[in-house]
Amino acid sequence: MPWGKSPSRGRLPFAGKAAGHAKARVSGHTEMNVEPWASSGDQAAADRTPSSQERPDKLCLDSFWSEVENIQQGRTDSDQDSARRDSKQSEEGEQEEQWLQDAGLSTLIREGGEDVDKVVLLSTLTRTQAAAVQRRLDSYTCSLRKRNKPAPRDVRDIFASPVAQTALPESRISEEQAQQDGMEGTGKTPLAAISVDPQQTGTPREEIFNTDVAYCEQAAILLKQARLPQNGSCRRRDDGTLPKVISPQCRLGVTRIQDLSQQDMKKVRQLALIDMTALCDLLELEVKRHKTCKRKIPESCLFGVPLALLVENDQKIKASTTIPLFLQALLSFLEKKGVDSEGILRVPGSQIRIKLLQQKLETTFYTGGFSWDEVSPNDAAALLKKFIRELPSPLLTAEHLNTFSAVRDVPELKQKLHMLNLLILLLPEPNRNTLKALLEFLSKVVSRERRNRMNLWAVSTIMAPNLFLHKAVPSRLTEGVEKGQAERAADVMRLLIRYQDLLWRIPNFLMSQVRKLNENSSRRYQFYDKRIKNLLRKIHTDSRDKPDKNSSEPCRTVKIQVGDILSGSMEVHLNVNCRASDLLAQFHQDLCRSDNSKGQLRRNGSSSYPECAIYEVGGNIGEHCLDPDAHLLDLYNSNPGGEWVIRLKPAASRGL
């Protein structure tokens, strides 16, 4: 069965045990200071231009289908034959098995897996997430029976085992009860606090983007409130305008994708896959995953080369690069010469010149013999689209391309953004970084609408076919020239452009689940010896009886590791208002007064120092670069076992 399709909803005993009480995790660190999205300078400029049109005009729609036709004409019969050979839909049972592996739950179906490992993985899930896992296991078991293979051990047996009954500390019961109370409180929140209907208020619509509660749990609440009808018969009329999205500010600060270690990001992706699958089940989206077989690597250096391989090769030239060097040069040229060109991206370049440019780039780009001076902006824009189309696998990946496309069928804007946020987290790092660079460029094109005549709809309708159509994955876009299909596909594209900064954040609920997963993993060894378990439980109980950390101002030692400039430590007194930016300011003041500092001398005689950041290391997190607005006392209470280290920011993240 398709992994994103919800089977018949029956009794789910799996969700009633350890995961049953863990509804949505409502963080206590969120304050109602809000920030609108998108709020960057480019988006602000775009909002002042006529690009706020509600629907795409005829020119936009014609451009969409013209782009689709050009893409189809550019494909040869051999391309289509090889695509059919290299891409196929998974057989029955394979999708569920691959899904469990990607979600980090392969131990549930592997013989000899330890019960403790399974409980640790499952203990962080909410009720709706756990139900989604149970459905995948039920489907996998059913497929095994059809193939006469022995079924894996039932998950209910795992939670009935003595290990599972003692896996979580007693404090978890009260914690989960508090989370359940918080979830019920969220469910009783007036709908006006969730979404504002412009037809009722007469003011521009606003959306509250809450990331404290799991997205699937939010959808479950809306379904119960009949505000997200499953059949779409009572959905609110969409007038096509994009509202201001307001994100409550968390006291632990914003966590962006590049802020976490690879180890923690792996757990984020696993949890994001589970939450997205649960969300697809609730929305009754049928999503089929495709797998791409290995293909012969072409002899070319740039076009048609796997993205990961291209980045890997370029990192041998420039270690800090995160996207292909060719794409960096192409986007840089377009930002300088193309964003003000009328009809950029829409006006086609010369096919003869484009072919010659591609050949010349393949032979001279890495030798430094290529010059952009004589390149036409329209030809460069055509090269950009050609580079994306000729990737051996889609930029949005063969596994998730259909899910990206299915977002257009989601009725509510908030759920569309939830889906896109989770999908962005699931992309491989080279794909995600390349997509971000592309979207940043497209945002700059939209911000110059008064000069280039390319508004948000125009850019979206032109670029949507290049991202959502790929020879490796069948698509419904080509099934007839329908206005609705073009408009919905372009709508997903404009959401990616407009709300890209928000979509590249890690939701607070996923951060909470990662921390809980790390905590449970560190406790796993206590399960093997009852005496050790009881001792640790006593230590844990004693620690809960200590005075509240907020009753005084604790003192924290911060390590300093700033290359050859300075090393050592500093003391900081924490209070309710102390932020990470305050600590960095104090560090820079101490650095300026230090005789041993080796800052670079500016022309005016002052010293400049490399960009530094505070990192949270250890405890219930691997490594986490702190947001300057993070409140340090809240962070201390959230992870008292972690260390704080001031160090240089990686070169790749300084420009992000």
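Residues numbered from 1 in each chain as written. Predicted model: local features only at pLDDT ≥ 70, side-chain atom pairs only at ≥ 80, totals over all residues. Heavy atoms only, no water.

## A word on the overall build of the protein chain
Using the following cut-off: Only runs of H or I of at least four residues qualify as helices and only runs of E of at least two qualify as strands under DSSP, and these elements are numbered from the N terminus. Remark: exposure states derive from per-residue accessible area (1.4 Å probe, protein chains only) relative to the maximum for the residue type, with buried under 20%, exposed over 50%, and partly exposed in between. In this analysis, two residues are considered to be in contact whenever any of their non-hydrogen atoms come within 4.5 Å of each other. Using a 1.4 Å probe, the Shrake-Rupley method yields the accessible areas, and only the shown protein chains count as cover for residues.
A count of helices and strands for the protein chain gives 27 helices and 12 strands. Put simply, the protein chain has 656 residues, and 54% of those count as buried. Long-range contacts, defined as pairs at least 24 residues apart, comprise 82% of the intrachain contacts of the protein chain with a sequence gap of at least 6. For the protein chain, the accessible area works out to roughly 30,100 Å², and carbon and sulfur atoms hold 48% of it.

## Looking at the nonpolar core
We count it as follows: Buried residues of nine kinds, namely Ala, Val, Leu, Ile, Met, Phe, Trp, Tyr and Cys, make up a nonpolar core once their side-chain atoms join them within 4.5 Å.
In this structure, Leu345, Leu442 and Met463 are the most contacted members of the largest nonpolar core, which totals 132 residues. A total of 12 residues in this core trace back to one element, the largest contributor, which is helix H12 (residues 262-283). Residues in contact with Met463, not counting those within four places in the same chain, are Leu345, Lys385, Ile388, Leu438, Leu442 and Met493. Formed by 23 residues, the second largest nonpolar core is a distinct cluster that contains Cys578, Leu583, Leu584 and Ile646.

## A few points about the packing of aromatic side chains
Stated precisely, the cut-off is as follows: Only Phe, Tyr and Trp rings take part, Trp by its six-membered ring, and two of them pair if their centres are within 6.5 Å. Stacked means planes under 30 degrees apart, edge-to-face means over 60, and tilted covers everything else. Two thresholds decide whether a charge sits over a ring: the Lys NZ or Arg CZ must be within 6 Å of the ring centre and within 35 degrees of the ring normal.
As enumerated under the stated definition, the model contains 9 aromatic pairs in all. Residues Phe370 and Trp372 carry aromatic rings whose centres are separated by 4.9 Å and whose planes lie at 80 degrees to one another, so their mutual orientation is edge-to-face. In this structure Phe370 comes out as buried when scored by relative accessible area, which is 12%. Three or more aromatic residues link up through ring pairs in this structure, and these residues are Phe303, Phe326, Phe365, Tyr366 and Phe387. Over the ring of Trp504 we find Lys436, and its NZ or CZ is 5.7 Å from the ring centre. For the cation-ring pair, Arg647 lies above Tyr615, with the distance from its terminal atom to the ring centre recorded as 4.9 Å.

## Comments concerning the pattern of salt bridges
Here is the rule we go by: Criterion for a salt bridge: a side-chain nitrogen of Lys or Arg within 4 Å of a carboxyl oxygen of Asp or Glu.
Evaluated as defined, the whole model comprises 22 salt bridges. For Lys436, the salt bridge identified is with Glu440, shortest N-O distance 2.8 Å. In this pair, Lys436 and Glu440 both sit in helix H19 (residues 429-447), 4 residues apart, roughly one turn of the helix.

## Some words on helix H14 (residues 325-337)
To keep things clear, this is the line we draw: One less than the number of residues in a helix, times 1.5 Å, gives the span that helix is expected to have.
Over its 13 residues, H14 extends 18 Å from the first C-alpha to the last, a length consistent with the 18 Å expected when each residue adds 1.5 Å. Within H14 the residues assigned to the buried category are Leu325, Phe326, Leu327, Leu330, Leu331, Phe333 and Leu334. For H14, the elements touching its buried residues are helix H13 (307-315), helix H15 (351-364), helix H16 (377-389) and H19.

## Focus: the packing of helix H11 (residues 215-224) against H12
Rules: What counts as an axis is a line fitted to C-alpha atoms, over the stretch in contact for a helix, and the angles between N-to-C directions run from 0 to 180 degrees. Orientation labels follow simple angle bins: below 35 degrees gives roughly parallel, above 145 gives roughly antiparallel, 65 to 115 gives roughly perpendicular, and whatever is left gives oblique. For any helix crossing, the convention is left-handed if the near helix is rotated counterclockwise from the far helix by under a right angle, and right-handed if that rotation is clockwise. Residues are sorted three ways: Asp, Glu, Lys and Arg are charged, Ala, Val, Leu, Ile, Met, Phe, Trp, Tyr, Cys and Pro are nonpolar, and all the rest, Gly among them, are polar.
At their nearest, the axes of H11 and H12 sit 8 Å apart, and the two run at 20 degrees to each other. Comparing the axis directions of H11 and H12 gives the class roughly parallel. Judged by the sense of rotation from one axis to the other, the crossing of H11 with H12 is left-handed. Residue-level contacts link Tyr215, Cys216, Ala219, Ala220 and Leu223 of H11 to Asp275, Ala278, Leu279 and Leu282 of H12. Grouping the amino acids of the contact of H11 with H12 by side-chain chemistry returns 8 nonpolar, no polar and 1 charged.

## Observations concerning H19
When the terminal C-alpha atoms of H19 are compared, their 27 Å separation across 19 residues agrees well with the 27 Å that a helix rising 1.5 Å per residue should span. Burial analysis of H19 places 16 of its 19 residues in the buried class, the great majority of the element.

## Here we look at unusual backbone geometry
Although it is not a glycine, Thr397 sits at a positive phi angle of roughly 70 degrees. One can find Thr397 in the loop between H16 and helix H17 (401-406). Residue Arg453 is not a glycine yet carries a positive backbone phi of 60 degrees. Relative to the assigned elements, Arg453 resides in the loop between helix H20 (449-452) and helix H21 (456-468). Under the relative-accessibility criterion, Arg453 is labelled exposed at 57%.

## Examining the pairing of strand E11 (residues 621-625)
Keep this limit in mind: Strand pairing follows a simple DSSP-based rule, namely that at least 2 bridges must link the two strands.
Across 4 bridges, strand E10 (residues 612-618) lies against E11 in antiparallel orientation. From the neighbouring strand, Glu616 faces E11, where its bridge partner is His624. Joining the antiparallel neighbours E10 and E11 is a turn of 2 residues, in which Gly619 adopts a positive phi near 75 degrees.

## Here we look at the confidence of the model for the protein chain
The line we're drawing: Residue-level confidence of the predictor, termed pLDDT, takes values from 0 up to 100.
For the protein chain, per-residue confidence averages 76 on the pLDDT scale, and 65% of positions sit at 70 or higher. Confidence scores differ between elements of the protein chain, with helix H9 (residues 171-187) showing the lowest mean pLDDT of 41 and H19 the highest of 97. Counting contacts from residues 38-51, a segment whose pLDDT is below 50, to residues more than four positions away or on other chains yields 24 contacts. Across residues 543-551, confidence stays below pLDDT 50; counting only partners more than four residues off in sequence or on other chains, it has 7 contacts.

## Notes on the pairing of strand E6 (residues 555-562)
Every regular strand shows the same layout, with side chains that alternate between the two sheet faces. Residues Arg556, Val558, Ile560 and Val562 point to one face of E6 and are all buried, whereas Cys555, Thr557, Lys559 and Gln561, pointing to the other face, are not buried. Pairing analysis gives 4 bridges linking E6 to strand E12 (residues 643-648), with the strands arranged parallel. Counted as the bridge partner of Ile560 is Ile646 from E12.

## Looking at the environment of Asp275
In this structure, Asp275 sits in helix H12. Given a relative accessible area of 0%, Asp275 falls into the buried group. In the structure, Asp275 is positioned 145 residues away from Ala130 in sequence and 9.2 Å away in space, judged by C-alpha atoms. Other than its neighbours up to four places away in sequence, Asp275 contacts Gln129, Ala214, Tyr215, Cys216, Leu422 and Phe509.

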